[in-house]
Amino acid sequence: MSDGRISRLRVTGTVILALIFAVLPLPEPINAARPDLLLLLVIYWALSAPRIAGLLFAWLCGLAIDVLKGIILGQHAFAFLVVAYMTHKLQLRMRIWPLSQQSLTVFAFLAVYQFLVFWLDGIIGQPVTTWTRWLPVISGALLWPLLVAVLDTWNRRNR
């Protein structure tokens, strides 16, 4: 999919919806497994529209999460930036992989993200060491095929 078919308005709209989802109150059992939808969108848009969703885009999205969650500025921005960099490095390969292989790669990206945030939490003295910290990695990897199907269909219809 070329960047010419995807408008910045569409990317911005999905980011705003993901930011709303990030702060939407959910019941505790579901909240623990809440996928990092904004990070999934950063990965998706980096694959589908790399000229629009570059490293600055990823950093700004991470910074928005930092601001919304009241966390130290730059913590999520750094982790988003690392994941976006890895996505851009594998972008041409990932676009031709089957969805199952993409899901495994997204699982690895989400695990790297969680590890970086875990590491940074430890440095600033707020470690969360429960196993539930890793649930968003699993839920995000499981959500990836659905997200790709919905957004690819939406992008094809709105050419």
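Procedures and definitions
- Residues numbered from 1 in each chain as written.
- Predicted model: local features only at pLDDT ≥ 70, side-chain atom pairs only at ≥ 80, totals over all residues.
- Heavy atoms only, no water.
- Axes fitted to C-alpha atoms, helices over the stretch in contact; angles between N-to-C directions.
- Helix = DSSP H or I, 4+ residues; strand = E, 2+ residues; numbered from the N terminus.
- Parallel < 35°, antiparallel > 145°, perpendicular 65-115°, else oblique.
- Left-handed = near helix turned anticlockwise from the far one by under 90°.
- Contact = heavy atoms within 4.5 Å.
- Nonpolar A, V, L, I, M, F, W, Y, C, P; charged D, E, K, R; others polar.
- Expected span 1.5 Å × (residues − 1).
- Buried < 20%, exposed > 50% of the residue type's maximum accessible area, 1.4 Å probe, protein only.
- Core = buried A, V, L, I, M, F, W, Y, C linked by side-chain atoms within 4.5 Å.
- Polar contact = N/O pair within 3.5 Å; in protein donor to acceptor, adjacent residues only side chain to side chain.

Asks: Honestly, the packing of helix H3 (residues 37-48) against helix H6 (residues 99-124) in this entry has me stumped. Any pointers?
Replies: The packing of two helices is summarised by the inter-axis angle and the distance between the axes. Two elements in contact, H3 and H6, have axes whose closest approach is 11 Å; the angle formed by their N-to-C orientations is 130 degrees. It follows that H3 is oblique to H6 by the angle criterion. The two elements H3 and H6 meet at a crossing, and its hand is right-handed. Facing H3, whose interface residues are Leu39, Leu40 and Ile43, H6 presents Val106, Phe109, Leu110 and Tyr113. Considering only residue class, the contact of H3 with H6 consists of seven nonpolar, no polar and no charged.

Asks: Help me understand helix H5 (residues 75-94), please; the structure alone is not making it clear to me.
Replies: Since there are 3.6 residues in each turn of an α-helix, residues three or four apart along the chain are aligned in direction. Here H5 spans 26 Å end to end across 20 residues, near enough to the 28 Å set by a 1.5 Å rise per residue. The complete set of buried residues in H5 reads Gln75, His76, Ala77, Ala79, Phe80, Val83, Ala84, Thr87, Gln91 and Met94. The elements touched by buried residues of H5 are H3, helix H4 (55-69) and H6.

Asks: Teacher, can you tell me more about the environment of arginine 133 here?
Replies: Tracing the backbone shows arginine 133 in the loop between H6 and helix H7 (135-157). With a relative accessible area of 10%, arginine 133 lands in the buried category. Along the chain, arginine 133 and phenylalanine 115 lie 18 residues apart, while their C-alpha atoms are 9.6 Å from each other.

Asks: Just to check I follow, could you spell out the nonpolar core for this structure?
Replies: Generally speaking, nonpolar side chains in soluble globular proteins are found buried as a group. Grouped together as the largest cluster of nonpolar side chains are 39 residues, with contacts concentrated most on Leu38, Ile43, Trp45, Phe57, Phe80, Trp144 and Leu147. When contributions to this core are tallied by element, the ones reaching two or more residues are helix H1 (8-23), H3, H4, H5, H6 and H7. The element best represented in this core is H3, accounting for ten residues. Once residues within four sequence positions are removed from consideration, isoleucine 43 is found in contact with Val83, Thr87, Val106, Phe109 and Trp144.

Asks: For this particular structure, what's the right way to read the side chain of threonine 14?
Replies: Counting through the fold element by element, threonine 14 comes out in helix H1. On the basis of relative accessibility, which here comes to 8%, the residue threonine 14 falls in the buried class. Here the side chain of threonine 14 touches valine 11 through a polar contact of 2.7 Å, landing on its backbone oxygen. Threonine 14 has contacts with Leu41, Trp45, Leu151 and Trp154, leaving out every residue within four places of it along the chain.

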